[in-house]
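Descriptive structure summary
Residue-level listing of the chains:
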Amino acid sequence: MAITIGEALLTGERQHMIDMTASGRYMIGGTWYSAKINSAAIQQNGAVHITFYAKSQDTALTPATRFQLLNAAGAVLAERQETISFTSGLEAILIRFKLGLSVGADEEV
């Protein structure tokens, strides 16, 4: 017996991803810094985009290396590692998480 998941359920789950995301945070030089969510939306193609700003924390322009989305209890919902460098005169960098939700192929049980 196959079950078909409707678009309404997928859209509801995408909205749930947005609703459960309370904040972002980023690491610079081994220290975590909190960030407010700047925007969160379901895109036309179904992807969920959630953004926040990472701000330079020192005059040495130490790069940010880890980024996370957190729920209200502080649990990590999504994380990525990459090195993003700050430059002189640049106060903040917009960090975007692009989250996808997909349905797998039918499987015989």
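Residues numbered from 1 in each chain as written. Predicted model: local features only at pLDDT ≥ 70, side-chain atom pairs only at ≥ 80, totals over all residues. Heavy atoms only, no water.

Digging into the sheet that holds strand 3 (residues 37–42)
The three strands are arranged 3-4-7 in an open sheet whose pairing can be described as antiparallel. Since the sheet does not close on itself, it has two edges, and those belong to strand 3 and strand 7 (92–99), each with one partner. Ignoring strand direction, the axes of neighbouring strands in this sheet form an average angle of 20 degrees. Bridge count for strand 3 against strand 4 (residues 48–55) is five bridges, and the pairing is antiparallel. The partner of Ala-41 across the bridge, within strand 4, is His-49. Each of strand 3, strand 4 and strand 7 is contacted by helix 1 (residues 7–20), which is oriented at about 175 degrees to strand 3, the strand it contacts most. (Pairing = 2+ DSSP bridges. Helix = DSSP H or I, 4+ residues; strand = E, 2+ residues; numbered from the N terminus. Axes fitted to C-alpha atoms, helices over the stretch in contact; angles between N-to-C directions. Contact = heavy atoms within 4.5 Å.)

Some thoughts on the packing of aromatic side chains
Considering all chains together, one arrives at two aromatic pairs under this definition. It is Arg-25 that lies over the ring of Trp-32; its NZ or CZ is 4.2 Å from the centre. Across the ring face of Phe-67, the terminal group of Arg-80 is positioned such that the distance to the ring centre comes to 5.5 Å. (Phe/Tyr/Trp six-rings, centres within 6.5 Å; stacked < 30°, edge-to-face > 60°. Lys NZ or Arg CZ within 6 Å of the ring centre and 35° of its normal.)

Comments concerning the pairing of strand 6 (residues 76–84)
Bridge count between strand 5 (residues 64–70) and strand 6: six bridges; the pairing is antiparallel. Bridge pairing in strand 6 places Ala-64 opposite Ile-84. Hairpin connection of strand 5 to strand 6: five residues between the antiparallel strands, including Gly-74 at a positive phi of 90 degrees.

Looking at the nonpolar core
Counting residues in hydrophobic clusters, the biggest one holds 19 residues, and the most contacted among them are Tyr-26, Phe-52, Phe-67, Leu-69, Ile-95, Phe-97 and Leu-99. Those elements giving two or more residues to this core turn out to be helix 1, strand 1 (23–28), strand 4, strand 5, strand 6 and strand 7. Not counting the four nearest positions on each side in its chain, Phe-97 is found in contact with Val-48, His-49, Ile-50, Phe-52, Phe-67, Gln-68, Leu-69, Ala-78, Glu-79 and Arg-80. (Core = buried A, V, L, I, M, F, W, Y, C linked by side-chain atoms within 4.5 Å. Buried < 20%, exposed > 50% of the residue type's maximum accessible area, 1.4 Å probe, protein only.)

Things to note about the environment of Glu-91
Counting through the fold element by element, Glu-91 comes out in the loop between strand 6 and strand 7. Those residues within four positions of Glu-91 in sequence are excluded, and the remaining contacts are Ala-54, Lys-55 and Ser-56.

Some details on the pattern of salt bridges
One pass over the structure, following the stated rule, counts three salt bridges. Across the pair Glu-7 and Arg-14 runs a salt bridge, and its minimum N-O distance is 3.0 Å. On the basis of relative accessible area, Arg-14 is assigned to the buried category, the value being 8%. With a shortest N-O distance of 2.3 Å, Glu-79 and Arg-66 are connected by a salt bridge. Here the residue Glu-79 occupies a position in strand 6, and Arg-66 occupies one in strand 5, the gap between them amounting to 13 residues. By relative accessible area, Arg-66 is classed as partly exposed at 24%. (Salt bridge = Lys/Arg side-chain N within 4 Å of Asp/Glu carboxyl O.)

Some points on helix 1
Since one α-helical turn is 3.6 residues long, residues separated by three or four positions face the same way. Counted at 1.5 Å a residue, the expected span for helix 1 with its 14 residues is 20 Å, and the 20 Å between its end C-alpha atoms agrees. Lining the buried residues of helix 1 we find strand 3, strand 4 and strand 7. (Expected span 1.5 Å × (residues − 1).)

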